[in-house]
Amino acid sequence: MTVHVVGAGVAGLSAATHLLHAGADVRVHEAAPIPGGRCRSYHDPMLGRLIDTGTHLLLGANTAALTYLKRLDALGRMIEMAPAAYPFFDLASGHRWVLRATPWGLASAFRPVALAALNTEPEEASWLAIASVFGRLLAESACRPWIARHGIGDAMVEPAATRLGERLRCGRRLTAIESGGRQATALLFGDERVTLSRDDRVILALPPVAISALLPEMTLPTETRAIVNAHFRVSAKPESPRLMGLVGGLAQWALWRDDVISATVSAADGLLAESAEALAARFWPELARAFDLADEAPVWRIVKERRATIAATRRAERSRPPARTHLANLVLAGDWIRTGFPATLEGAVRSGEAAARLALAQGNILG
Ligand SMILES: Cc1cc2nc3c(=O)[nH]c(=O)nc-3n(C[C@H](O)[C@H](O)[C@H](O)COP(=O)(O)OP(=O)(O)OC[C@H]3O[C@@H](n4cnc5c(N)ncnc54)[C@H](O)[C@@H]3O)c2cc1C
């Protein structure tokens, strides 16, 4: 009795480590050469530094993601920034202020917080999605940002991959699913065919675009939004990471960690056609002013994640499917399925745990 988890992003890793913890026999199949999916860190040769696919923050409200880290003894790989106080800088007026975690403070920063959490312009976001964010930010501790000490992959991915060991195999792309009646009967990884026994279970922790190729009969959310990140290597390092909200310009948030400053723009589809050179030339003067730096033309890298997350519009929210599928032994996981959370790490962790519980219950694997 084996549970096959396909996809080693955070949802797949959350499902797999949950199953491992429950004593199940688990195999993880990942198409890419390394695990982590959209939540990866990698060495960038231009910067000569480790960077994240994009700056990833957790909030104190993300209790499932923090519990996942605790379970993997990885909470110490994150830094909790307390008390919850966010410096802001208005690039147009030069005004600086600190946003405190009070209901009034959050209301005044509605737009930047909603944009970052939903990756969708608040004007077109579903009210339910907006409520799911702000309804969880009522306590000061829930508003505290948690930042990875050495990169998000080091915290969210590496400890899980180590725990899984040889059960996690990369470079294995699922290309087809065979089924008979209401059961998946085999998984095809190119030429390799893995036959499923009656007791085996499958968790597909894949993005919608991959699911639609494998299960074309499913209706899935198709609307996505981009995130653009600009990374600059600078000559100074802050004593501890500095996070800043930016309004009145291009950058929305900036994180200065070690000697790299990373700027983020959510719902950034309008920037995709712009060249990396042009974007770097727009971002750097903003960051230099925000952090009062004199570096001229630092080394940079622009990263455009075209399909960073599904959109949080009403239409996309309505088309998020539940974990169960028409195949009795196959369930879905991923930040984009119907979790009640936006498409974030918290949603991904929760979806993985829910899928693992379903697979255990369906298969009665342990008994
Ligand atoms: C730039 C950026 C910034 C972000 N910032 C934040 C943030 O600050 N806070 C936050 O909470 N969230 C943030 N997110 C969202 C967060 O990264 C995602 O919610 C989370 O990583 C999704 O995990 P997942 O496992 O659902 O999907 P994915 O990470 O997409 O994982 C799917 C995996 O499946 C694999 N795969 C695909 N097809 C196949 C196949 N056929 N066979 C086998 N494997 C396959 C992929 O390679 C991938 O590893 C950000 C995302 C981006 C892109």
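Not measured: the values here are computed from a predicted model.

Caption draft 1: Representation of the site of the ligand in the model. Taken together, 36 residues lie around the ligand, and Gly7, Gly9, Gly37, Gly54 and Thr344 are the ones closest in. The set of elements that each furnish at least two residues to the shell around the ligand consists of helix 1 (10–21), strand 15 (224–233), strand 19 (299–310) and helix 12 (345–363). Of the residues assigned to the shell around the ligand, the class counts are 18 nonpolar, 12 polar and 6 charged. For the shell around the ligand, the domains that each give at least three residues are domain 1 (2–40 + 157–221 + 320–363) and domain 2 (78–146 + 224–310).

Caption draft 2: Representation of the environment of Ile203 in the model. With respect to the element layout, Ile203 can be found in strand 14 (residues 201–204). The exposure class of Ile203 is buried, given the 29 C-beta atoms found within 10 Å. In the structure, Ile203 is positioned 130 residues away from Ala333 in sequence and 6.7 Å away in space, judged by C-alpha atoms. Not counting the four nearest positions on each side in its chain, Ile203 is found in contact with Val3, Val5, Val6, Ala15, Val331, Ala333, Ala355 and Ala359.

Caption draft 3: The sheet that holds strand 20 (residues 330–332), seen in detail. If you walk across this open sheet you meet the 5 strands as 10-2-1-14-20, and the pairing is parallel. For this open sheet the edge positions go to strand 10 (168–169) and strand 20, each flanked by a neighbour on one side alone. For strand 1 (residues 2–6) and strand 2 (residues 25–29), the ladder comprises 5 bridges, and the chain directions are parallel. Paired with Val5 across the bridge in strand 2 is Val28. Against the sheet, helix 1 contacts strand 1, strand 2 and strand 14, and its axis sits at roughly 160 degrees relative to strand 2.

Reading the values: the criteria
Residues numbered from 1 in each chain as written. Predicted model: local features only at pLDDT ≥ 70, side-chain atom pairs only at ≥ 80, totals over all residues. Near = placed C-beta within 6 Å. Helix = DSSP H or I, 4+ residues; strand = E, 2+ residues; numbered from the N terminus. Nonpolar A, V, L, I, M, F, W, Y, C, P; charged D, E, K, R; others polar. Domains from an automatic or database assignment. Buried ≥ 20, exposed ≤ 12 C-beta atoms within 10 Å, placed from the backbone. Contact = placed C-beta atoms within 7 Å. Pairing = 2+ DSSP bridges. Axes fitted to C-alpha atoms, helices over the stretch in contact; angles between N-to-C directions.

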